[in-house]
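Topology and contacts: notes
These are the residues of each chain, in order.
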2 protein chains.
Amino acid sequence: MARTRLLIEYDGTEFSGWQTQPGARTVQGEIERALTVIMGSTPPFMGSGRTDAGVHARGQVAHVDTPEPVDAFRLRGSLNGLLPESVAVLGVEPAPEDFHARYSARQRTYHYHVATAPRALDRLWRTTLRSTPDVETMNEAAQALLGTHEFSSFCRTRSETTNRVCTVHHAQWVPEAREGDWRFEIQANRYVHGMVRAIVGTLLEIGRGRREADSIPDLLASGDRRLAGPAAPAHGLVLHRVEYDAPVFTPTFA
Amino acid sequence: MARTRLLIEYDGTEFSGWQTQPGARTVQGEIERALTVIMGSTPPFMGSGRTDAGVHARGQVAHVDTPEPVDAFRLRGSLNGLLPESVAVLGVEPAPEDFHARYSARQRTYHYHVATAPRALDRLWRTTLRSTPDVETMNEAAQALLGTHEFSSFCRTRSETTNRVCTVHHAQWVPEAREGDWRFEIQANRYVHGMVRAIVGTLLEIGRGRREADSIPDLLASGDRRLAGPAAPAHGLVLHRVEYDAPVFTPTFA
């Protein structure tokens with residue numbers, strides 16, 4: 001058995017999320033279909049984690065198992081030839097047998113992209129805000145997310161996940177190249193369902209003066225999703241990078 | 001009569017270019033239709049220049065004339081409410097009577113975006129190259145474009161424009177934020193039809209070693225479009241900025 005890992009970018013707009021589901025068009029499903037064409041049968045294929053419907057990725061990592069080692073360069077070309085334009089395989093490389101896209105992942109970074117003016121060219125993955133928030137205040141508030149907490153207050157209420165403890169290493173709004181464009185960067189070991197979008201929605205309420213900047217600790221302690229802000233729209237969210245103990249795809253993804 | 005200028009971003013993918021044409025969907029046509037809804041009749045409306053089918057803009061400038069001065073903030077909101085998502089009005093401001101979007105324009109800057117790896121999220125406005133070109137050699141070659149030249153060698157053969165003299169002030173490939181992404185920046189007082197795409201196609205041949213790096217002066221002197229490279233695909237090209245004697249839209253477009 002040979003394990004190969006893939007680095008994948010996708011535009012989630014027209015997908016029902018990452019994970020294969022009967023009767024739905026998903027990113028994993030598209031890639032499995034392409035692998036089946038190439039391999040003649042459907043190989044075991046697993047991503048680092050799910051992304052919701054409409055959420056994108058620039059750095060999703062997955063692994064596939066084959067009876068014999070594959071030619072990485074050729075597999076990348078074949079996959080990109082078979083996949084729709086909304087899914088791009090950026091890198092393919094051999095992985096050690098003990099590498100697991102999901103269970104070996106140590107950190108996952110998401111970026112949430114906003115603009116304070118309408119945008120036509122980036123509209124697939126950037127949401128336009130109705131007003132300009134106070135970024136400095138949002139960044140002060142975001143400091144309270146750092147460290148290890150129970151994130152039930154930012155977890156979708158219908159989630160069946162019982163372990164809601166996550167360790168957040170980085171949470172910050174940063175300006176992008178274009179005036180008026182910002183992104184929220186968050187890096188954590190794991191996430192509960194809907195966590196990033198709930199955090200962004202809550203921070204934006206703080207940035208508009210509708211919620212106190214020092215309210216995050218009480219909100220975390222409450223464990224009550226109804227006390228947090230509304231989920232920000234899915235289309236602004238991008239899974240930016242997944243990190244492992246050893247660097248992966250270093251020449252293609254610095 | 002009051003003159004008002006507009007700063008416009010658009011995704012040209014689904015348009016037959018900028019300029020209004022009977023029976024075709026164009027950006028100017030969409031904006032004229034929205035202005036007609038707002039004003040009750042179609043006002044005189046003029047852009048800084050045409051862009052071809054499939055070409056985008058981040059900084060197209062246009063002007064509109066109305067009998068009375070308009071509320072710029074409100075007009076921007078009304079237009080963005082009426083226009084499709086692929087057209088965004090970034091700024092609206094009063095213009096002096098002697099300002100003319102086309103005839104007062106002094107410099108126009110285009111960016112042509114490429115990637116050396118497949119891209120899903122930027123695929124609307126970035127073309128993926130089959131191989132990685134030698135950027136340093138392309139930049140050496142591009143120096144020969146600077147200054148005032150007859151650009152018939154880079155002008156679509158069916159063009160009816162007789163004046164093909166343009167002055168190029170800047171022509172350079174620069175790396176973008178993401179590894180593997182590059183853009184070609186060109187700033188000139190004017191362009192002949194298809195000029196930027198023909199230049200990009202020619203420089204890419206040089207970057208792949210299929211054409212001599214010092215061949216641009218002879219190519220310019222020949223005046224023969226057949227001797228230049230193929231036009232690069234329309235969808236990588238973005239009208240980035242139009243400059244006038246005095247700065248325009250300075251708070252919204254730094």
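Residues numbered from 1 in each chain as written. Chains lettered and ligands numbered in written order. Predicted model: local features only at pLDDT ≥ 70, side-chain atom pairs only at ≥ 80, totals over all residues. Heavy atoms only, no water.

Focus: the UniProt feature "active site" (unreviewed entry) in chain A
Residue and element names in this part refer to chain A. As a reminder of what qualifies: UniProt positions are given in the numbering used here, feature names are shortened, and annotations may be inferred rather than shown by experiment. The helix and strand labels rest on DSSP assignments: H or I over at least four residues marks a helix, E over at least two residues marks a strand, and numbering proceeds from the N terminus. Burial classes follow relative accessibility: with a 1.4 Å probe on protein chains only, a residue under 20% of its type's maximum area counts as buried, one over 50% as exposed, and anything between as partly exposed. Contacts are residue-level and defined by heavy atoms, with any inter-residue pair within 4.5 Å sufficient.
On the UniProt side, "active site" (unreviewed entry) is annotated at positions that read D52 here. As for its placement among the helices and strands, D52 is situated in the loop between strand 2 (45-47) and strand 3 (56-66). You can call D52 partly exposed: its relative accessible area is 26%. With residues near it in sequence (within four places) discarded, D52 still touches G17, R156 and R197.

Quick notes on the domain arrangement of chain A
Residue and element names in this part refer to chain A. Basically, it comes down to this: What fixes the domain bounds is an automatic or database domain assignment. Two parts placed together each lose some accessible area under a 1.4 Å probe, and adding up what both lose gives the buried area. We define a salt bridge as a contact between a side-chain nitrogen of Lys or Arg and a carboxyl oxygen of Asp or Glu at a distance within 4 Å. Identification of polar contacts relies on pairs of N or O atoms within 3.5 Å, with a donor-acceptor requirement for protein atoms, meaning one able to donate a hydrogen and the other able to accept it, and with residues adjacent in sequence counted only if both atoms are side-chain atoms. Amino acid classes used here: Ala, Val, Leu, Ile, Met, Phe, Trp, Tyr, Cys and Pro are nonpolar; Asp, Glu, Lys and Arg are charged; the rest, including Gly, are polar.
Its domain assignment divides chain A into domain 1 (2-104) and domain 2 (107-240). With 15 residues of domain 1 at the contact, the number on the domain 2 side is 14 residues. In this assembly, domain 1 packs against domain 2 so that about 1,100 Å² is buried in total across both faces, 46% of it on carbon and sulfur atoms. In this structure, the salt-bridge partner of D52 is R156, at a minimum N-O distance of 2.5 Å. Taken together, the connections running from domain 1 to domain 2 amount to eleven residue pairs in polar contact (both at pLDDT 80 or more). Across the side of domain 1 that touches domain 2, the residue classes break down as three nonpolar, seven polar and five charged.

A word on the relation of the copies chain A and chain B
In plain terms, the rule: Here the copies were fitted onto each other by least squares, based on C-alpha atoms from residues at pLDDT of at least 70 in both.
Superposing chain A onto chain B takes a rotation of 180° combined with a translation of 0.0 Å along the rotation axis, leaving an RMSD of 0.0 Å. The superposition of one copy onto the other is thereby described by a two-fold rotation axis. Of the C-alpha atoms belonging to chain A, the one lying closest to the rotation axis is found on D122(A), 3.8 Å away. Looking at the interface residues of chain A, 100% of them are also at the interface in chain B, so both copies use one shared face.

Quick word on the packing of aromatic side chains
Stated precisely, the cut-off is as follows: Stacked, tilted and edge-to-face pairs are distinguished by plane angle, under 30 degrees for stacked and over 60 for edge-to-face with tilted covering the rest, among Phe, Tyr and Trp rings (Trp via its six-membered ring) whose centres lie within 6.5 Å. The rule for a charge over a ring is simple: NZ of Lys or CZ of Arg within 6 Å of the ring centre, and within 35 degrees of the ring normal.
Summed over the entire model, instances satisfying the criterion amount to twelve aromatic pairs over all chains. Seen in terms of ring centroids, W18(B) and F45(B) are 6.0 Å apart; in terms of plane orientation they differ by 40°. Their pairing is tilted. A residue pair is termed long-range when its members are at least 10 positions apart, and W18(B) in the loop between strand 1 (2-10) and helix 1 (27-39) and F45(B) in strand 2 (residues 45-47) qualify at 27 residues. For the pair W18(B) and F45(B), a shared accessibility class is recorded, and that class is buried. The ring of F249(A) carries the charged tip of R5(A) above its face, separated from the ring centre by 6.0 Å. One residue, R58(A), lies across the ring of W125(A), its end atom 5.3 Å from the ring centre.

Overview of the pairing of strand 1 (residues 2-10) of chain A
Look at any regular strand and the pattern is simple: side chains alternate between the two faces of the sheet. All names here are of chain A. Short version of the rule: When DSSP finds two or more bridges between a pair of strands, those strands are recorded as paired.
Here strand 1 lies mainly inside the structure; nine of its nine residues are buried. Of the two faces of strand 1, the one holding A2, T4, L6, I8 and Y10 and the one holding R3, R5, L7 and E9 are both buried throughout. Alignment of strand 1 against strand 4 (residues 87-95), held across eight bridges, turns out to be antiparallel. Note that in strand 4 the partner of I8 across the bridge is V89.

Here's the deal with helix 4 (residues 195-207) of chain A
Residue and element names in this part refer to chain A. This is how it is decided: The span you would expect from a helix comes to 1.5 Å times its residue count less one.
Look at helix 4: 18 Å from first C-alpha to last across 13 residues, which is about the 18 Å you get at 1.5 Å a residue. Of all 13 residues in helix 4, 13 are buried, a share of seventy percent or more. One or two steps after helix 4, the chain reaches G209, where phi turns positive at roughly 75°.

Side note on the packing of helix 3 (residues 135-142) of chain A against helix 4 of chain A
Residue and element names in this part refer to chain A. Which entries qualify depends on this criterion: Simply put, an axis is a line fit to the C-alpha atoms, just over the touching stretch for a helix, and the angle between two N-to-C directions goes from 0 to 180 degrees. Throughout, the term roughly parallel applies to angles under 35 degrees, roughly antiparallel to angles over 145, roughly perpendicular to angles from 65 to 115, and oblique to all others. The handedness criterion is simple: a crossing whose near helix is rotated anticlockwise from the far helix by less than a right angle is left-handed, and one whose near helix is rotated clockwise is right-handed.
Relative to each other, helix 3 and helix 4 sit at 130°, their axes nearing to 8 Å. Classified by the interaxial angle, the pair formed by helix 3 and helix 4 is oblique. Helix-helix and strand crossings are classified by hand; for helix 3 and helix 4 the assignment is right-handed. Listed contacts from helix 4 to T137, M138, A141 and A142 of helix 3 are L203, L204, I206 and G207.

So, unusual backbone geometry
Residue and element names in this part refer to chain A. The phi torsion at F249 lies on the positive side, around 50°, for a residue other than glycine. Here F249 shows up in the segment after strand 10 (237-243). Classification of F249 as buried rests on a relative accessible area of 2%.

Remarks on the interface of chain A and chain B
Across the boundary between the two partners, chain A contributes 26 residues, which contact 26 residues of chain B. Taking both sides of the interface into account, the surface hidden between chain A and chain B amounts to around 2,200 Å²; carbon and sulfur atoms contribute 57%. Taken as a group, P118(A), L121(A) and R123(A) account for 30% of the area that chain A buries against chain B, more than any other trio of residues on that side. The tally of links between chain A and chain B comes to four salt bridges.

Describing the pattern of salt bridges
Residue and element names in this part refer to chain B. Tallying each qualifying case throughout the model produces 34 salt bridges over all chains. Between D52 and R197 there is a salt bridge, with the nearest N and O atoms lying 4.0 Å from each other. Of the two residues, D52 sits in the loop between strand 2 and strand 3 (56-66) while R197 sits in helix 4 (residues 195-207), which places them 145 residues apart along the sequence. Overall, R197 belongs to the buried group, its relative accessible area being 16%.

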